[in-house]
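# Geometric and topological summary
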Amino acid sequence: MELEGLVAVVTGAGRGIGAAIAARFFAEGAAVALWDVDGASADAGARRLDPAQTRAAGARVDVTDEAGVDRAIAETAKRFGRVDVLVNNAGILGLGTTAEMTVDAFERVMRVNVTGVFICCRAVAPVMTRQGRGKIVNISSLSARTGRPVPVNYAASKGAVVSLTQTLARELGPAGIYVNAIAPGPIATEMTGQFTPEFYARLTAGRATRRDGTPEDVAQAAVYLASARSDWVTGVVLDVNGGILMR
Ligand code: NDP
């Protein structure tokens, strides 16, 4: 068990990649707070993992709600005694071309995917600083690494997650806090379910592996960055994309 005794928060954990990360962390021995803007799915996920609710707890937390996030961090620290790991996974996809994208639509995606990460990091940093140790894992995207046929608001938001990760790694490193990112390639979830099968095939074209990626592939990378095995790894972006980036 890689995460025995640790306490982790996973945002956007109601489904998809976040749910897989929460489940993998739980299986590796961590206590897990599952947060999602959809409180019912977070709660159901926590109950599925741990019917007794001793080592998993679901909560409705919108990552863009400053006061709500601050409150939820305090509640998690109180309930489980500490917060060792924060996985900033919550994210949304914008659709459409730049020509048809409103500023509102651009900013909506930035608000969740970038400001939400900032709000959660800011809330957890004092707790981890007091502990003298912590690990933050931000979910970026392959679309931040190279031009991809995805909407510009989404790509820009995931690029900002990389800069935020590197800057925070430097700022928080002296406090014993490691900050890294994962850039997954296309993974079949409700998010990518919004694409047509033809478009999804276009996104996965050029992979070097025999199969497509799964939420579990991202979860395994998150375990590494959350565990002591990655001590002295900070400010990196771990590409989990079956080699698509080499295309
Ligand atoms: P899903 O849409 O399947 O799941 C995202 C979850 O985040 C949903 O439960 C959603 O809730 C929740 N969420 C959305 N907004 C908020 C918010 N403001 N506060 C809290 N929770 C919120 O997405 P994936 O599992 O596919 O993606 C997870 C992360 O991985 C995202 O950051 C995504 O950008 C990233 N990613 C995904 C890839 C993929 O191919 N799937 C590839 C690269 C990166 P609800 O829908 O109820 O609003």
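Since the model is a prediction, treat every value here as computed from it, not as a measurement.

### With respect to the sheet that holds strand 3 (residues 56–60)
- Strand order in this open sheet of seven strands is 3-2-1-4-5-6-7, and the pairing throughout is parallel. Strand pairing shows two members of the sheet lacking a second neighbour, strand 3 and strand 7 (237–240), which therefore form its edges. Strand-to-strand twist across the sheet, computed as the mean angle between neighbouring axes with direction ignored, equals 20°.
- Here strand 2 (residues 31–36) runs beside strand 3; their pairing, made up of five bridges, is parallel. Residue pairing across strands places D36 opposite R60, the latter belonging to strand 3.
- Lying over the sheet, helix 5 (residues 152–172) contacts strand 5 (134–139), strand 6 (177–184) and strand 7, oriented at roughly 160° with respect to strand 6.
- Most of the contacts of helix 7 (residues 215–226) go to strand 6, to which it runs at about 165°, and overall it touches strand 4 (85–88), strand 5, strand 6 and strand 7.

### Considering the packing of aromatic side chains
- A complete count under the given rule lists one aromatic pair for this structure.
- Between F195 and F199, the ring centres sit 4.9 Å apart and the planes meet at 65°, which makes this aromatic pair edge-to-face.
- Under the relative-accessibility criterion, F195 is labelled buried at 14%.
- The positively charged end of R55 is found above the aromatic ring belonging to F26, 3.9 Å away from the centroid.

### Concerning the nonpolar core
- W35, V69 and I136 are the most contacted members of the largest nonpolar core, which totals 31 residues.
- When residues of this core are assigned to their parent elements, the largest contribution, eleven residues, is made by helix 4 (residues 103–131).
- When sequence neighbours within four positions are dropped, the list of residues in contact with V69 reads W35, V61, D62, V63, I119, C120 and A123.
- If you look at the next biggest cluster of nonpolar residues, it comprises 30 residues, including A13, I21, V85 and I187.

### Thoughts on helix 7
- With twelve residues, helix 7 extends 16 Å between its outermost C-alpha atoms, agreeing within 8% with the 16 Å of an ideal straight helix rising 1.5 Å per residue.
- Among all positions in helix 7, only P215, V218, A219, A221, A222, V223, L225 and A226 are buried.
- Where helix 7 is buried, its residues touch helix 1 (16–27), strand 4, strand 5, strand 6 and strand 7.

### Quick look at the site of the ligand
- The immediate surroundings of the ligand are formed by 28 residues, with D36, N89, Y154, I187 and T189 found nearest.
- Here an oxygen atom of the ligand and a backbone polar atom of N89 are 2.7 Å apart.
- Between the ligand and the protein, one listed contact pairs an oxygen atom with a backbone N or O atom of I187 at 2.7 Å.
- Relative to its unbound accessible surface of 890 Å², the ligand loses 90% to contact with the protein.
- When residues of the shell around the ligand are traced back to their parent elements, those giving at least two are helix 1 and helix 5.
- When the residues that make up the shell around the ligand are grouped by side-chain class, the tally is 13 nonpolar, nine polar and six charged.

Conventions and cut-offs
Residues numbered from 1 in each chain as written. Predicted model: local features only at pLDDT ≥ 70, side-chain atom pairs only at ≥ 80, totals over all residues. Heavy atoms only, no water. Pairing = 2+ DSSP bridges. Helix = DSSP H or I, 4+ residues; strand = E, 2+ residues; numbered from the N terminus. Axes fitted to C-alpha atoms, helices over the stretch in contact; angles between N-to-C directions. Contact = heavy atoms within 4.5 Å. Phe/Tyr/Trp six-rings, centres within 6.5 Å; stacked < 30°, edge-to-face > 60°. Buried < 20%, exposed > 50% of the residue type's maximum accessible area, 1.4 Å probe, protein only. Lys NZ or Arg CZ within 6 Å of the ring centre and 35° of its normal. Core = buried A, V, L, I, M, F, W, Y, C linked by side-chain atoms within 4.5 Å. Expected span 1.5 Å × (residues − 1). Near = heavy atom within 4 Å. Polar contact = N/O pair within 3.5 Å; in protein donor to acceptor, adjacent residues only side chain to side chain. Areas by Shrake-Rupley, 256 points an atom, 1.4 Å probe, with all protein chains shown as cover. Nonpolar A, V, L, I, M, F, W, Y, C, P; charged D, E, K, R; others polar.

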